Amino acid sequence: MLYTLASMLKSKDSFGARSTIKVGQRSFEIFRLSALENKSLRLSALPFSLKILLENLLRNENGVSITADDVEALCRWDPTATPSKEIAFVPARVLLQDFTGVPVVVDLAAMRDAIQRMGGDPGKINPLQPVELVIDHSVQVDMFGSAGALAQNSKIEFDRNQERYGFLRWGQKAFQNFRVVPPSTGIVHQVNLEYLARVVMAAEDGGRASLYPDTVVGTDSHTTMINGLGVLGWGVGGIEAEAAMLGQPVSMLIPQVVEFRLTGRLPEGATATDAVLRVTEMLRKKNVVGKFVEFCGPGLAELPLADRATIANMAPEYGATCGIFPVDRNTLEYLRLTGRSNEDVGRVEAYMKEQQLFETGNHPDVRFSDTVELDLGTVEASLAGPKRPQDRVTLKNVKKSFLSALAEFDKLKTVPEDGEVGNGSVVIAAITSCTNTSNPSVMMGAGILARKAVERGLRSKPWVKTSLAPGSKTVTDYLKDAELLKPLETLNFHVVGYGCTTCIGNSGPLPPEISKTIERSNLLAVSVLSGNRNFEGRVHPEVRANYLASPPLVVAYALVGRIDVDLTKEPIGTDTKGKPVYLREIWPTQKEVQEAIGRSVRSEMFRKSYESVFEGDKNWQSIPAPAGDTFQWDKISTYVKHPPYFEGFSRTPKAVEDIVEARVLALLGDSVTTDHISPAGSIQPNSPAGLYLRTQGVDVKDFNSYGSRRGNHEVMMRGTFANVRLRNRLVPGVEGGMTFHLPDKTQMSIYDAAMKYQAENVPLIILAGKEYGSGSSRDWAAKGVALLGVKAVIAESFERIHRSNLIGMGVLPLEFKPGESFSKLELTGLERFTVAELKELLDQKHRSDLELAVHYKKENGQEGVFNTRVRLDTPQEVAYYQHGGILPFVLRQLLRD
């Protein structure tokens, strides 16, 4: 069912909820939630987040995909019940970043070609909701430690990405409701928080004005950052985002909602980063995967909006679909601070209060599925690492943590002499990522610590690659105003770019002498970054231990140059008088931080930063961009290629086929992330992707990153499972994207084996452990797998977004029954597997809790069978799978209309 604003305003309104509200001199149409209380439905018992979903159903009720029964089911939500009721969510807008946004636009361009070939109107392929793309993932830290680093990195970025940026400029002209924020503006989630988010949408259609909650889905996991502003939204796969852009509702089960009750306030020495690491640890242990988390309690009043956004940002790390805070006075103050107009703020306040969505601290009837409580006063300085964001370690135990990691790598403990690099040396210290650069308290804290360090004569160690990548230009402005940018620069924390940089793997090359030392001695080198992800192989292929930390701690570790030190007891360095300097002596106080914020963070800075946000500089405006409804593909492009998804496309779907005599392409353990499946960092010269680029005449220095080449399926399918730290148990003892081709057991790259299997018409499957596909919402972790010929993934459990992405590409997600796994079933990966009776199963009317038998044959001829749970959780997901994925489904719908 396709949605337009006009159709949304023509809701069936079975509950008589359509009404008006006057704000200032204007009247707006709204769908009043209080109308449901008049129907004796239990509105007061619903958490804030579910009320937002309820309004969405009321406003979009069409009698087809959204019915009156759906509204009543949500009103009668049972917080203790296992989710089983499917609803359709229609987001108000879609948010993209360029790594995931380019393939989205590539797919839409290919859909326009396909619909034109079949006699349809290409103009039907057009966003129906506002779509905003922020180019923030392409800048790399090639240059650092100098005043010219920003300009040099920007120039390199534009030189590398001319084709991609020209393609996006075409999309900006060709598609309606599609706007692009050019490079060197900021990180997508910070730009969303500071400028793009509306909190309450105001729209007009046919002379009628309406107000409704701002809701969003985004192609980046950390879209949840906007939950800190009271905006309901979460990350989806690029494929789901494309469907949402084209009017398809997001299919979901009414979730459980976990209350996270906050009390107290952060003590001296603790930051918002420390709070979020504690929250992440607690909620991972609680297991909130697939659930909403809602923050409340008296501690909210003590938590600034920026701190809330920091906590909301890391919902993917603690596993929740979203981590939302209600709208309150702090929200309104933040909107004013960031330059929103009085008219906008007035609409937010009036609408939220009218709809009983404004936090007052008095909600005695609200019920939750579970409760977690944290006294913020117990939070202490912490890091997370060396491999996962949920592995919190207090500052006093970091040394012990690293030595344990060192032992796992069978390395001897070596403390480097001053001026030398050894195991435990910090070779990357990066202030980066939307999580922390959006928060003035931790950024000012980093600057104050730097100032105190400089005053004592301390300097960053020479082997540390330092970088400062602000999330928006406003950060640079207030650091300058507070006279804190200069001391950061004195410690070599110069601004290197406005983008994700190190957090997304764009840390750039290490100095050659450092790389050689690491390789020669096989060192366990370390990075410390203020990011949200530290999975293996993500930050830098040569750096195996990665710790997440607050920006002030990033600066501290750059000063000491090592991770194997207890900064609560041991000195951070020696001052000009030869006296030891301890971290506690230069740590910023809360009073110092708040005074700096009060003096130097002003609303006019935000207004100035965003006054011409969509125009871009001369570099952006000078990029040539083709015109026309359809894109003119360049056959020799190595960045943007016409994808193969619609080759042989038919108006009706083919019948679902059984998976017969499939081979295992990879046998994988627990916590295999999308970074393992689809790397975003550097392309190795001798990898399948690197060899392909070399055959296309691309020099190694111009390889760029996997993320920047997501518009080229030839690169990305070769990059699938190409992470240098991947461990495929089919080839024990080998790191990297290698496998056996069966039955001959010839070792080769996963890509080469997949191509050989395709030539032999052999289908493939993946066997995996728990939390398969955790991490970033990478559509290519599913697209690449599908293009390699994988028909099913059988895992102990899936992360939410990746499971959806697999379905979106026509790959079947199956789960082992509880208590079972490939190891407990004594499966080696050398077997042949058959999944039969698929069509008959999926044609059943009752599709909940489907089970499917998987048959296998061992090398010795022994046969066996085990049951799996089919993770097609809703009828809509079944339909997507039957059509071969979301995009074929949507295209057939458009051709039928």
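Before reading on, note that the structure itself is shown above.
Conventions used here
- Within every chain, residues take consecutive numbers counted from 1 along the sequence as written.
- The model is predicted, so local features are restricted to residues of pLDDT at least 70 and side-chain atom pairs to those at 80 or more, both for listing and for counting; the totals for chains, interfaces and linings are taken over all residues.
- Hydrogens and water molecules were not included; the side-chain quantities draw on all heavy atoms of the structure.
- At least two bridges found by DSSP between two strands are what make those strands a pair.
- Here a strand is any run of E in DSSP of at least two residues, a helix any run of H or I of at least four, and the numbering for each starts at the N terminus.
- Only the contacting stretch of a helix is used when fitting its axis, a line to C-alpha atoms as for every element, and angles between N-to-C directions run 0 to 180 degrees.
- Residues count as neighbours in contact if any of their non-hydrogen atoms are within 4.5 Å of one another.
- The buried label applies to any residue whose accessible area, calculated with a 1.4 Å probe on protein chains only, is under 20% of its type's maximum; exposed applies above 50%, and partly exposed to all values in between.
- To pair, rings of Phe, Tyr and Trp, with the six-membered ring standing in for Trp, must have centres within 6.5 Å; the planes then decide the type, stacked if under 30 degrees apart, edge-to-face if over 60, and tilted in the middle.
- Here the arc refers to the directions that run from the helix axis out to each C-beta atom.
- Here a salt bridge means any side-chain nitrogen of Lys or Arg lying within 4 Å of a carboxyl oxygen belonging to Asp or Glu.
- Exposure above 30% relative accessible area and the lack of any salt bridge qualify a residue for a patch; like charges then connect within 9 Å, and the nonpolar side chains Val, Leu, Ile, Met, Phe, Trp and Tyr within 5 Å.
- Per-residue and other accessible areas were derived by the Shrake-Rupley procedure at a 1.4 Å probe size, with only the shown protein chains allowed to occlude residues.
- As used throughout, the charge tally considers Lys and Arg to be positive and Asp and Glu to be negative, leaving His and the chain termini uncounted.
- To locate a charge, take NZ of a lysine, CZ of an arginine, CG of an aspartate or CD of a glutamate.

Here the focus is the sheet that holds strand β9 (residues 215–218). The strand order across the open sheet formed by five strands is β6-β5-β4-β9-β10, and the pairing between neighbours is parallel. Single-partner strands in this sheet number two, and they are β6 (178–181) and β10 (232–235). Shown here is a sheet whose adjacent strand axes are inclined to one another by a mean of 20°, direction ignored. With four bridges connecting them, strand β4 (residues 93–97) and strand β5 (residues 131–134) associate as parallel partners. Among the inter-strand pairings, Val94 is bridged to a residue of β5, identified as Val131. Its contacts with the sheet put helix α8 (residues 188–196) on β4 and β5, and the angle it makes with β4 is roughly 140°.

Our next topic: the sheet that holds strand β24 (residues 659–667). Sheet architecture is closed into a barrel: seven strands sit in the order β24-β27-β28-β29-β32-β31-β30, paired in mixed fashion. Adjacent strand axes in the sheet meet at a mean angle of 40°, parallel and antiparallel pairs treated alike. The sheet strands contacting helix α29 (residues 750–759) are β24 and β27 (764–767), and the helix crosses β24 at an angle near 170°.

Looking along the chain, the bond that leaves Gly385 and enters Pro386 is cis, with omega of 10°. Turning to its location among the elements, Pro386 is positioned in the loop between β16 (382–384) and β17 (392–394). Put simply, Leu742 and Pro743 share a cis peptide bond, and its omega is 15°. In this structure, Asn177 takes a positive phi of about 60° despite not being glycine. Looking at where Asn177 falls in the secondary structure, it is placed in the loop between α7 (162–174) and β6. The class for Asn177 is partly exposed, based on a relative accessible area of 40%. You will see that Thr501, though not glycine, has its phi angle at about 45°, which is positive. Looking at the secondary structure, you find Thr501 in the loop between α19 (485–490) and α20 (512–521).

Taken as a whole, this structure holds 21 aromatic pairs when the rule is applied. Considering the side-chain rings of Phe167 and Trp170, the 5.7 Å spacing of their centres and the 25° angle between planes classify their relative orientation as stacked. Placement of the pair is Phe167 and Trp170 together in helix α7, with a separation of three residues, close to one helical turn. With centroids separated by 6.1 Å and ring planes inclined at 45°, the aromatic side chains of Phe833 and Tyr856 adopt a geometry described as tilted.

We now examine helix α15 (residues 398–408). Where α15 is concerned, the buried positions are Val398, Ser401, Phe402, Ala405 and Leu406. Down the axis of α15, the sector holding all buried residues measures 140°, keeping them to one side. What points out from α15, more than 90 degrees from its buried face, is the exposed set Lys400 and Ala407. On the buried face of α15, the contacting elements are β16, β17, β20 (526–529), β21 (545–548) and α21 (551–560).

This model, assessed by the stated rule, comprises 58 salt bridges. For Arg179, the salt bridge identified is with Glu132, shortest N-O distance 2.8 Å. Taken together, the positions of Arg179 in strand β6 and Glu132 in strand β5 put the pair 47 residues apart, joining distant regions of the chain. For Arg179, a relative accessible area of 34% gives the class partly exposed. Residue class for Glu132 comes out buried when judged on its relative accessible area of 1%.

Right, let's get into the environment of Ser210. Residue placement: Ser210 occurs in strand β8 (residues 208–213). The spacing of Ser210 and Glu29 is 181 residues in sequence and 4.4 Å in space, taken between C-alpha atoms.

On the surface, Glu657, Asp658, Glu837 and Glu840 cluster together into a negatively charged patch. With respect to the helices and strands, the residue Glu840 is situated in helix α32 (residues 838–842).

Before going further, it helps to examine the side chain of Ser603. Structurally, Ser603 can be placed in helix α24 (residues 603–610). Classification of Ser603 as buried rests on a relative accessible area of 17%. For Ser603, the residues in contact, after removing those within four places along its chain, are Arg336, Leu337 and Gly339.

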